[in-house]
Amino acid sequence: MTQAIKENPAVSNLRDFYRHFDNAALRDALRRMYLIRRFEEGAEEAYTRGLIHGTMHLSIGQEASAVGSCMDLRKTDYITSTHRGHGHCIAKGADPKLMFAEFFGKEEGYCRGRGGSMHIADVESGNLGANGIVGGGLPIAVGAALAIRKQKRDDVAVCFFGDGASNEGAFHEALNMAAIWKLPVLFICENNKYGMSVSTERSMAVKHVADRAPAYNMPGEIVDGNRIEDVSEAVMRATARARNGDGPSLIETKTYRIRGHSKSDRNRYRTKEEIEEWKARDPIGHFEANLEAFGILRKDEAEAIRTAAEAEIASGVEFAKGGTDPSPADLTRDVYTKGAA
Amino acid sequence: MSVRELSYAEAVREALAQAMEADERVFLMGEDIGVYGGAFQVTGDLVHRFGEDRVMDTPIAELGAAGVAVGAALAGSRPVFEFQFSDFATLAMEQIVNQAAKIRFMLGGKVSVPLVMRFPAGSGTGAAAQHSQSLDAWFAHVPGLKVVQPATPHDAKGLLLSAIDDPDPVMVFEHKLLYKMKGEVPEEAYRVPIGKALIRREGRHVTIVATAIMVHRALEAAEILSGEGIDVEVIDLRTLRPLDTQTIIESVKKTTRLACVYEGVKTLGIGAEISAMIAESEAFDYLDAPILRLGGAEAPIPYNPVLEKAAVPQTDGIIASVRRLVTGRI
Ligand SMILES: Cc1ncc(C[n+]2csc(CCOP(=O)(O)OP(=O)(O)O)c2C)c(N)n1
Ligand SMILES: [Mg+2]
């Protein structure tokens, strides 16, 4: 019955996105968005209860950007991520329980407890790492794309970064090199209006990050980052271009982080009204409503997705708590590939 | 004027405010130092007192912004630049090392660069490998830079005011774990001289030269060791460049033993310089034991809290090592 509505010619304005992916893939995208949301809520709670130390940067509100960008990627495509990288990691295929194990500093964690939230990465799924350095991943993505081409693969490198990062020299140098060498890179700027406390109006001379693309002779597309269809369709166009040897693209997803910059943010630089406005544009609610309207998902199925996500997060936390603590005797392990310094 | 208790962060803020009140050429640059108040709330409310022209939020652009500060200093301003974390100074090394440090020399002494840079440094906050480094020795390796590392609220204020007065670039390393520490700070705008170490505790059996938070761990260790009859002298180095060699030499001649305790990676760090300096000096003949260095592990700072602690000297380790140095016992 659901498939019937989707194929009904009466729904003729159904977007490419809903035709390109089958129903299972669309439902899985919603599942991943919920998984990211619940993962971050769970991480936040564990942090507040003192179970996780350090700091973390939550991407609550930005899930459509992460999932929409990674939905059509292959395992062999790379991503480089940021300090706000939990969503990218899950979207590219990471297992939340191994991420929790990392946050709890355990050997079972993706980085064996050495990296924590800011360096979270599932290398197996093509994630080359979150980054503690703003803009740090930009040239690295270009390098990964260079290696892809040297190896004659038709994979792509997808580089996530923030609006604030686009003011670093590394951004400009990376885009220029990607362009002159026509490398298969997607620069995906998640523009959430602020780099920490500084708004884009105060830190950029142009209105949009995408306005900078012409300087590097590449397409620069602006999309609604809270609409998974918009993100995914733009990314599919850019990956097709990149796989075809036509070079890099810049995509700017306009979005918003509902939580503060990090756990020490007092939100002095933005208003409650602005936060409320964006809460009302929730990317998960939007996508779920569409899936229901198009007959791709029933209400009870949505409920089942939520329940499953919650259960997975709860068991992930339990798994992490029971993990193995690293030994100080291994302090210098993995500084070099073989042996100690 | 009176003396009150201030936190280290408040002492830095007071120095910045007094310098801006006294000299209109002084202004602040950095990321999120305005309405956010700084990542460690050091600048706090200064933007409300001095305005956005004097408390400037920069874009996230360390290399460029550091260069802007160099240029402003060269042309008659007195910028005080805050790196959000000392680790991000790696993005700005070009302007610091090639430009700020050398411009005066390269131009035959015709100009100077009165620039101050502040670096929140060190581990202990669970922020992992790219937000926890102690890179002070890198900067101390560069002629043309001065490097200070205040360990108390009193010195944080006094050394910063001296740094702002100084006609040459001064790098101020502030350990993040010290920001909340309280101590006595006079109200007036006093100076602590650059290039002078301070004996924080006198002792007869062994000299510990320590920097930043290690000064406090060394003092704790000294207190405990005194209960065992080991009398420890603790020198707070305070300035890495120019090094106060005389204070260290005199102390070692008296105690005949030397331990250097610092958070930066042990190898090729400040301890290597102090050890070599003593080996080259008249104090060498007085030594009754090999020189001891306790520094950071030969690894990046790990995220896991147990590993993070193990990666840098802690009080227990200082006690055990110094006890062995003095008594030969474990
Ligand atoms: C080189 C560098 N400078 C500064 C920081 C501190 N910092 C971490 S995240 C951040 C804001 C980044 O803004 P943006 O790129 O827009 O990403 P968002 O946090 O909004 O996701 C800042 C200033 C850093 N980690 N690295
Ligand atoms: Mg941003």
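Predicted model, so just to flag it, every value in this text is computed and none were measured.

A.B. asks: I'd love a proper account of the side chain of H131 of chain B, names of residues and values included.
C.D. replies: Position of H131 of chain B relative to the elements: it lies in the loop between β5 (116-121) and α6 (136-140). Here H131 of chain B is in contact with M118 and G132 of chain A together with F85, D87, F88, G122 and K176 of chain B, once residues within four sequence places are set aside.

A.B. asks: Can you break down the interface of chain A and chain B residue by residue, with the values?
C.D. replies: At the interface, 40 residues of chain A touch 35 residues of chain B. Between chain A and chain B, a total of about 3000 Å² is buried, with carbon and sulfur atoms accounting for 62% of that surface. When the area that chain A buries against chain B is broken down by residue, the three leading residues are H53, M196 and L331 of chain A, summing to 22%. Counting across the chain A and chain B interface gives 1 salt bridge. The shortest N-O distance in the salt bridge between R202 of chain A and D57 of chain B comes to 3.1 Å. The tally of links from chain A across to chain B stands at 11 residue pairs in polar contact (both at pLDDT 80 or more). Among the elements of the structure, α6 (96-103) and α9 (200-203) of chain A are those that each provide at least two residues to the side of chain A that touches chain B. Each residue belonging to the side of chain A that touches chain B can be placed in one class, and the counts come to 13 nonpolar, 19 polar and 8 charged.

A.B. asks: Now, about unusual backbone geometry: what can you tell me, with residues and values included?
C.D. replies: Note: most peptide bonds trans; most residues except glycine with negative phi. The amide bond that connects R241 of chain B to the next residue, P242 of chain B, takes the cis arrangement and shows omega of 0 degrees. Looking at where P242 of chain B falls in the secondary structure, it is placed in the loop between β12 (239-241) and α9 (245-255). Within the chain, K152 of chain A stands out as a residue other than glycine whose phi angle is a positive 55 degrees. Topologically, K152 of chain A is positioned in the loop between α7 (137-150) and β2 (157-162). Its relative accessible area of 74% is what places K152 of chain A among the exposed residues.

A.B. asks: Kindly report on the coordination of the magnesium ion (ligand 2), identifying the contributing residues and their values.
C.D. replies: Around the magnesium ion (ligand 2), the donor atoms from the protein are D163 of chain A (OD), N192 of chain A (OD1) and Y194 of chain A (O), and they sit 2.0 to 2.2 Å away. The sequence motif formed by the donor residues of the magnesium ion (ligand 2) is D-x28-N-x1-Y.

A.B. asks: Report on the packing of helix α3 (residues 23-48) of chain A against α6 of chain A, specifying residues and quantitative values.
C.D. replies: A pair of packed helices can be characterised by two numbers: the angle between their axes and the separation between those axes. Residue and element names in this part refer to chain A. Put simply, α3 and α6 touch, their axes get as near as 11 Å, and they point 20 degrees apart. Here α6 runs roughly parallel to α3, going by the angle between their axes. Where α3 crosses over α6, the handedness of that crossing is right-handed. Only P96, M99, F100 and F103 of α6 make contact with α3, whose side of the interface consists of L35, F39, G42 and A43.

A.B. asks: An account of the confidence of the model for chain B is requested, with residue identities and associated values reported.
C.D. replies: Low-confidence regions, as indicated by low pLDDT, have predicted coordinates that should not be scrutinised in detail. Per-residue confidence for chain B gives a mean pLDDT of 98, with 99% of residues at or over 70. For this predicted complex, the interface confidence reaches an ipTM of 0.96, while the overall pTM sits at 0.97.

A.B. asks: Tell me about the site of ligand 1, residues and numbers included.
C.D. replies: Around ligand 1 sit 22 residues in total, of which H83, R84, G132 and G164 of chain A together with E62 of chain B are the nearest. One of the backbone nitrogen or oxygen atoms of G164 of chain A is found 2.8 Å away from an oxygen atom of ligand 1. Protein coverage of the free-state accessible area of ligand 1, which is 580 Å², stands at 97%. A breakdown of the residues in the shell around ligand 1 according to their chemical character gives 8 nonpolar, 9 polar and 5 charged.

A.B. asks: Describe the packing of α3 of chain A against helix α4 (residues 63-70) of chain A, and please don't skip the residues or the numbers.
C.D. replies: Residues and elements named next belong to chain A. For the pair α3 and α4, the least separation of the axes is 10 Å and the interaxial angle reads 135 degrees. Between α3 and α4, the angle is such that the two are oblique. For the element pair α3 and α4, the recorded crossing hand is right-handed. Between α3 and α4, the contacting residues are A29, R32, M33, I36 and R37 on the first element and E63, A64, A66 and V67 on the second. A breakdown of the residues in the contact of α3 with α4 according to their chemical character gives 6 nonpolar, no polar and 3 charged.

A.B. asks: Outline the environment of S81 of chain A, supporting the account with residue identities and numerical values.
C.D. replies: All names here are of chain A. Position of S81 relative to the elements: it lies in the loop between β1 (78-80) and α5 (86-91). Ignoring any residue separated from it by four or fewer positions in sequence, one finds S81 in contact with H88, N127, G129, A130, N131 and F160. Within polar-contact distance, the side chain of S81 engages the side chain of H88 at 2.8 Å.

Conventions we followed
Residues numbered from 1 in each chain as written. Chains lettered and ligands numbered in written order. Predicted model: local features only at pLDDT ≥ 70, side-chain atom pairs only at ≥ 80, totals over all residues. Heavy atoms only, no water. Helix = DSSP H or I, 4+ residues; strand = E, 2+ residues; numbered from the N terminus. Contact = heavy atoms within 4.5 Å. Buried area = accessible area lost by both parts, 1.4 Å probe. Salt bridge = Lys/Arg side-chain N within 4 Å of Asp/Glu carboxyl O. Polar contact = N/O pair within 3.5 Å; in protein donor to acceptor, adjacent residues only side chain to side chain. Nonpolar A, V, L, I, M, F, W, Y, C, P; charged D, E, K, R; others polar. Buried < 20%, exposed > 50% of the residue type's maximum accessible area, 1.4 Å probe, protein only. Donors = N, O, S within 2.8 Å, 3.2 Å for Na, K, Ca; no water. Axes fitted to C-alpha atoms, helices over the stretch in contact; angles between N-to-C directions. Parallel < 35°, antiparallel > 145°, perpendicular 65-115°, else oblique. Left-handed = near helix turned anticlockwise from the far one by under 90°. pLDDT = per-residue confidence, 0-100. Near = heavy atom within 4 Å. Areas by Shrake-Rupley, 256 points an atom, 1.4 Å probe, with all protein chains shown as cover.

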